[in-house]
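# Summary of structural features
Next come the chains, spelled out residue by residue.
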Amino acid sequence: ARFAGLVHLCVCTMGNEVEEIGEVSELEREVVHLLQSRRYDPDILPRLEAYVEFQVNENKYDSDANMAVLKLYQFYPERYKKQTVVNILAKSIMALPETDFLCGSYMIPLGAQKEQPIPTLLALVNELETGHFERFWEKAEAIDALRHSVVGFDDAVRVLMLDVIARTYCRIDVVLLSKLINLSVDQVKHMV
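Everything quoted here is computed from the prediction, not taken from an experiment.

What counts as what
- Residues numbered from 1 in each chain as written.
- Predicted model: local features only at pLDDT ≥ 70, side-chain atom pairs only at ≥ 80, totals over all residues.
- Heavy atoms only, no water.
- Helix = DSSP H or I, 4+ residues; strand = E, 2+ residues; numbered from the N terminus.
- Buried < 20%, exposed > 50% of the residue type's maximum accessible area, 1.4 Å probe, protein only.
- Areas by Shrake-Rupley, 256 points an atom, 1.4 Å probe, with all protein chains shown as cover.
- Salt bridge = Lys/Arg side-chain N within 4 Å of Asp/Glu carboxyl O.
- Core = buried A, V, L, I, M, F, W, Y, C linked by side-chain atoms within 4.5 Å.
- Contact = heavy atoms within 4.5 Å.
- Expected span 1.5 Å × (residues − 1).

## Things to note about the overall build of the chain
- Summing up its helical and strand segments, the chain has 11 helices and two strands in all.
- The secondary structure elements of the chain, listed N-terminal to C-terminal, are β-β-α-α-α-α-α-α-α-α-α-α-α.
- Looking at the chain as a whole, 43% of its 192 residues qualify as buried.
- With the model as given, the accessible surface of the chain reaches about 10300 Å², and the carbon-plus-sulfur share is 55%.

## Quick look at the pattern of salt bridges
- Applying the stated rule across the entire model yields 11 salt bridges.
- Arginine 147 is the salt-bridge partner of aspartate 154, the closest N and O atoms lying 2.8 Å from each other. Per residue, the accessibility class of aspartate 154 equals that of arginine 147, and both read buried.
- Several salt bridges converge on common partners, so that one network encompasses Glu127, Arg135 and Lys139.

## Structural notes on the nonpolar core
- Of all hydrophobic cores here, the largest spans 53 residues; its most connected members are Ile93, Leu121, Leu128, Phe136, Phe153, Val157 and Met161.
- For this core, the elements supplying multiple residues, two or more each, are helix H1 (26–38), helix H2 (45–58), helix H3 (63–75), helix H4 (82–94), helix H6 (118–129), helix H7 (133–140), helix H9 (153–168) and helix H10 (174–181).
- Contact partners of leucine 128, with chain neighbours within four places excluded, come to Ile93, Leu96, Phe133, Phe136, Val157, Leu160 and Met161.

## Looking at H9
- A rise of 1.5 Å per residue sets the reference length of H9, with its 16 residues, at 22 Å; its end C-alpha atoms lie 23 Å apart and thus fit the reference within 8%.
- Residues Phe153, Asp154, Ala156, Val157, Arg158, Leu160, Met161 and Ile165 constitute the buried set of H9.
- On its buried side, H9 packs onto H4, H6, H7, helix H8 (144–149) and H10.

## Comments concerning unusual backbone geometry
- A cis amide bond links leucine 96 to the next residue, proline 97, at an omega of 15°.
- Mapped onto the elements of the fold, proline 97 is located in the loop between H4 and helix H5 (100–106).
- With an omega of 5°, the peptide bond running from glutamine 116 to proline 117 counts as cis.
- Following the sequence through the fold, proline 117 ends up in the loop between H5 and H6.
- At asparagine 59, a residue that is not glycine, the phi angle is positive and equals roughly 55°.
- Within the element layout of this structure, asparagine 59 appears in the loop between H2 and H3.
- Since its relative accessible area comes to 24%, asparagine 59 is described here as partly exposed.
- In this structure, asparagine 182 is a non-glycine residue whose phi angle is positive, near 60°.
- Inspection of the secondary structure assignment puts asparagine 182 in the loop between H10 and helix H11 (185–191).
- By relative accessible area, which is 38% here, asparagine 182 ends up partly exposed.

Geometry only, nothing functional implied.
The following block contains the structure:
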């Protein structure tokens, strides 16, 4: 969540970070405590999975908790939940250019990486990392339901794109910019 004009408060407790805006929720406190005291206990997975869902719905992100979920799935593959993994990957795309997506993708079993929408998410990250933004939006249509269920997904991707575009171009035509960030010309003009 790197939106201009918003003040971010990062609460750090013994190496566990919860990035959020405003007050820390009871669930966030509980997760920090669980990760400190019982990180490798599979019995904490239901609370961590609920926390992933909380992040999806509240536009929050906690890399440490998400990576802990993926690590527990590695240790206890019978507890693996595809939708939780998909949500973690979607949230880590929103955190690009951080390396969370890459780290998380290494923790997903190869067989699971072949199950949709995971291959699509892998392809989308490739398009972002190579600056093929128009192709990103074309491929992203395949995961419209996921994009719309993860609060702030498109906006976070646009922030990354705009950062890359600002570093690449001194000037850019509004029509080209609108294509790159998948907004109408009027929406782009309203942003500027």
